[in-house]
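# Understanding the architecture of this molecule
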Amino acid sequence: MKKFVDLDVRGKTVVIRQDLNVPMKNGTITNDKRIRAALPTVKMALEKGAGVILISHLGRPVEGEYAEEFSLKPVAEHLGKALGMPVSVARELSEAKVQPGQCLILENIRFFKGEKKNDPELAQKLADLGDVYVMDAFGTAHRAQASTEGAVRRAKIACAGPLMVSEVEAFGRVLNAPKRPLAAIIGGAKVSTKLGVLNNLLEKVDILIVGGGIANTFLAAMGHSVGTSLYEPDLLEEARKIMQKAKDKGCKLPLPVDVVTAKELASGQKSTEVAVEQVPADAMILDIGSKTEALYADILKDAKTVVWNGPMGAFETEPFHKGTVALATDLANGQAFVVVGGGDSVACVEKYALADKMGYISTGGGASLELLEGKELPAIAALEARS
Ligand code: ADP
Ligand code: MG
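The shown structure was predicted, so the numbers you read here are calculated from the model rather than taken from an experiment.

### Regarding the overall build of the chain
When its secondary structure is counted, the chain shows 13 helices and 16 strands. A globule of 387 residues ought to have a C-alpha radius of gyration of about 21 Å, and the chain, at 23 Å, matches this closely. Here the chain holds 387 residues, and 56% of them are scored as buried. Long-range contacts, defined here as pairs at least 24 residues apart, represent 72% of the contacts in the chain between residues at least 6 apart. Total accessible area on the chain stands at roughly 16400 Å², and carbon and sulfur atoms take up 49% of it. Put simply, the chain has 47 plus and 48 minus side-chain charges, and the middle of one group is 3 Å from the middle of the other.

### Side note on helix α10 (residues 322–333)
For α10, spanning 12 residues, the distance from its first C-alpha to its last is 16 Å, which sits close to the expected 16 Å at 1.5 Å a residue. Those residues of α10 that fall on the buried side of the exposure criterion are G323, T324, V325, L327, A328, L331 and A332. Where α10 is buried, its residues meet β9 (182–186), β13 (284–288), α9 (290–300), β14 (305–309), β15 (337–341) and α11 (343–351).

### Notes on the sheet that holds strand β7 (residues 132–135)
What the six strands build is an open sheet, ordered β5-β6-β4-β1-β7-β8; its pairing is parallel. Where the open sheet ends on each side, the last strands, each with one partner, are β5 (87–90) and β8 (157–160). Ignoring which end each strand starts from, the neighbouring axes of this sheet average 25° apart. Here helix α2 (residues 73–83) sits on the sheet in contact with β4 (51–55), β5 and β6 (103–106), set at roughly 155° to β5.

### Comments concerning the site of ligand 1
Around ligand 1 sit 19 residues in total, of which K194, I285, E316, D344 and S345 are the nearest. The separation between an oxygen atom of ligand 1 and a polar main-chain atom of G343 is 3.4 Å. Protein contacts shield 83% of the accessible area of ligand 1, which totals 580 Å² for the unbound molecule. Of all the elements in the fold, those that place two or more residues in the shell around ligand 1 are α7 (212–221), β13 and α11. Class assignment of the residues belonging to the shell around ligand 1 gives a composition of six nonpolar, 10 polar and three charged.

### Some remarks on the nonpolar core
Among the nonpolar cores identified, the biggest contains 107 residues, and L106, L126, L208, F218, W308 and M358 are the most heavily contacted of them. With seven residues, helix α5 (residues 162–175) is the largest single contributor of residues to this core. If we ignore the near neighbours within four places in the chain, the residues touching L106 are L54, I55, L72, A90, E92, L93, A96, F112, L126 and L129. If you look at the next biggest cluster of nonpolar residues, it comprises 29 residues, including A76, L83, C103 and I105.

### Quick look at the pairing of β6
With burial as the criterion, each face of β6 is covered, one bearing C103 and I105 and the other bearing L104 and L106. Two strands pair when backbone bridges link them, and β4 and β6 are joined in this way by three bridges, in the parallel orientation. By the bridge assignment for β6, I53 is matched with L104.

### Remarks on the packing of helix α3 (residues 120–127) against helix α4 (residues 146–154)
α4 packs onto α3 with a crossing angle of 70° between their chain directions and a minimal axis gap of 8 Å. Between α3 and α4, the angle falls in the class roughly perpendicular. The segment α3 lies against α4, with P120, L122, A123, Q124, L126 and A127 engaging A146, S147, G150, A151 and R154. Looking at side-chain class alone, the contact of α3 with α4 contains seven nonpolar, three polar and one charged residues.

### A word on the pattern of salt bridges
A side chain with one charge may pair with a side chain of the opposite charge, provided their charged atoms come close. All chains considered together, the criterion is met by 15 salt bridges. For E68, the salt bridge is made with K73, and the minimal N-O distance between the two is 3.1 Å. Residue classification places K73 among the partly exposed residues on the basis of a relative accessible area of 38%. The closest approach of N and O atoms between E237 and R240, which form a salt bridge, is 3.0 Å. With E237 and R240 both in helix α8 (residues 236–249), this residue pair falls three residues apart, about one helical turn. We classify E237 as partly exposed; its relative accessible area is 47%. One network of salt bridges, in which partners are shared, links E203, K245 and K249.

### Description of helix α6 (residues 195–202)
A turn of α-helix holds 3.6 residues, and therefore any two residues three or four places apart point the same way. α6 sits mainly inside the fold: six of its eight residues count as buried. Listed as buried for α6 are L195, V197, L198, N200, L201 and L202.

### A word on unusual backbone geometry
Put simply, R180 and P181 share a cis peptide bond, and its omega is 0°. Of the consecutive residues E318 and P319, the connecting peptide bond is found in the cis state with omega at 10°. Mapped onto the elements, P319 comes out in the loop between β14 and α10. In this structure, A177 takes a positive phi of about 45° despite not being glycine. Among the structural elements, A177 can be located in the loop between α5 and β9.

### Here's the deal with the side chain of T292
Mapped onto the elements of the fold, T292 is located in helix α9. In terms of polar contacts, T292 uses its side chain to reach the side chain of D258, at 2.5 Å. Apart from residues no more than four positions distant in its own chain, T292 is found in contact with P256, V257 and D258.

### A few points about the packing of aromatic side chains
For the structure on display, the rule yields two aromatic pairs. Taking the centre distance of 6.2 Å and the plane angle of 15° together, the rings of F138 and F171 count as stacked. Residue F138 is found in the loop between β7 and α4, and its partner F171 is found in helix α5; the two are separated by 33 residues along the sequence. For the pair F138 and F171, a shared accessibility class is recorded, and that class is buried. Positioned over the ring face of F337 is R173, at 3.5 Å from the centre of the ring.

Thresholds, definitions, all that
Residues numbered from 1 in each chain as written. Chains lettered and ligands numbered in written order. Predicted model: local features only at pLDDT ≥ 70, side-chain atom pairs only at ≥ 80, totals over all residues. Heavy atoms only, no water. Helix = DSSP H or I, 4+ residues; strand = E, 2+ residues; numbered from the N terminus. Rg over C-alpha atoms; globule rule 2.2 N^0.38 Å. Buried < 20%, exposed > 50% of the residue type's maximum accessible area, 1.4 Å probe, protein only. Contact = heavy atoms within 4.5 Å. Areas by Shrake-Rupley, 256 points an atom, 1.4 Å probe, with all protein chains shown as cover. Lys, Arg positive; Asp, Glu negative; His and termini not counted. Charge placed at Lys NZ, Arg CZ, Asp CG, Glu CD. Expected span 1.5 Å × (residues − 1). Pairing = 2+ DSSP bridges. Axes fitted to C-alpha atoms, helices over the stretch in contact; angles between N-to-C directions. Near = heavy atom within 4 Å. Polar contact = N/O pair within 3.5 Å; in protein donor to acceptor, adjacent residues only side chain to side chain. Nonpolar A, V, L, I, M, F, W, Y, C, P; charged D, E, K, R; others polar. Core = buried A, V, L, I, M, F, W, Y, C linked by side-chain atoms within 4.5 Å. Parallel < 35°, antiparallel > 145°, perpendicular 65-115°, else oblique. Salt bridge = Lys/Arg side-chain N within 4 Å of Asp/Glu carboxyl O. Phe/Tyr/Trp six-rings, centres within 6.5 Å; stacked < 30°, edge-to-face > 60°. Lys NZ or Arg CZ within 6 Å of the ring centre and 35° of its normal.

Right, dumping it as structure tokens:
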């Protein structure tokens, strides 16, 4: 991929596709993480002497229709404060014009008809807004849309922004010739959403750790009673196949030996730690137990590279956070290069202030899952084609 950092753009207009899709409540931004992640790229472009036009989507408006609640105006204001300069909003493509040193945001790209279906005409117009098109929205790289893929194909010069480069490099360290042993930790709610990931990673990893609802399905596949736990009865056969494949390949796939159970998933519940053979019929598994924590830590201690997606339990509700936090703490203090992806896993690592100690925290949930599934992401393929 051609990299924005290497380009001379003095006096030029740079168009940057970013992911500024921040959560909002009544017009107020409730978490500005994505704006903070995007900021270094904007600053880089301004410091290089360019004029900057930003493009992003926000929420899910009806395509082609303006709706105040999905306007990027609050984002522009927030960015303006962070940059210490006014950031205006262009409602129409024809208003998206800047001088060097200025920064402007095009209104929510989903207000423009043709974004979702990657309309060539819209893509060309976006590409023509500037001299260079920078794709920096990793979180949207798995969607072939006008602003993510089409414009990259059509711009005079297209390149990857620094955030995109960091993401691709971090996952590259996991997926291409990683330092071994390589471990994957796959937790979270459902096997069904991560079947592709499990199967693809099995081809690559030396260790596969499972947790959460996913581990419950594996335990049920082994014939354990899982009470009222979240698990997927339709996927028992798939789980057995995965275990067999791991065995054939010599990949370690330990299962929990003990679990934390409760009658309900609610805070302040009485929780009981039991062996996996002893889950009561009227209780649900909500976390891994302390013996499992120790077992997982021991298996992971020699790993040189780890990719982690999905919590070990229902960590949002205490006391069911303990297994996930213990694992995260071990990883944070360990030697391995750890990449964390997945919305909830990242939220957990951030909640317990462990993010800074990880190797890389991905900004793209869906996009990172597709990378781990071994899929080619349309925007990345387009960037590679333009290198
Ligand atoms: P990620 O966003 O990191 O990819 P997922 O979305 O797959 O992760 O799963 C996260 C969700 O799974 C969390 O909301 C968590 O509470 C839930 N979860 C994990 N383990 C359990 C469990 N044993 N029972 C019920 N829910 C669980
Ligand atoms: Mg999630």
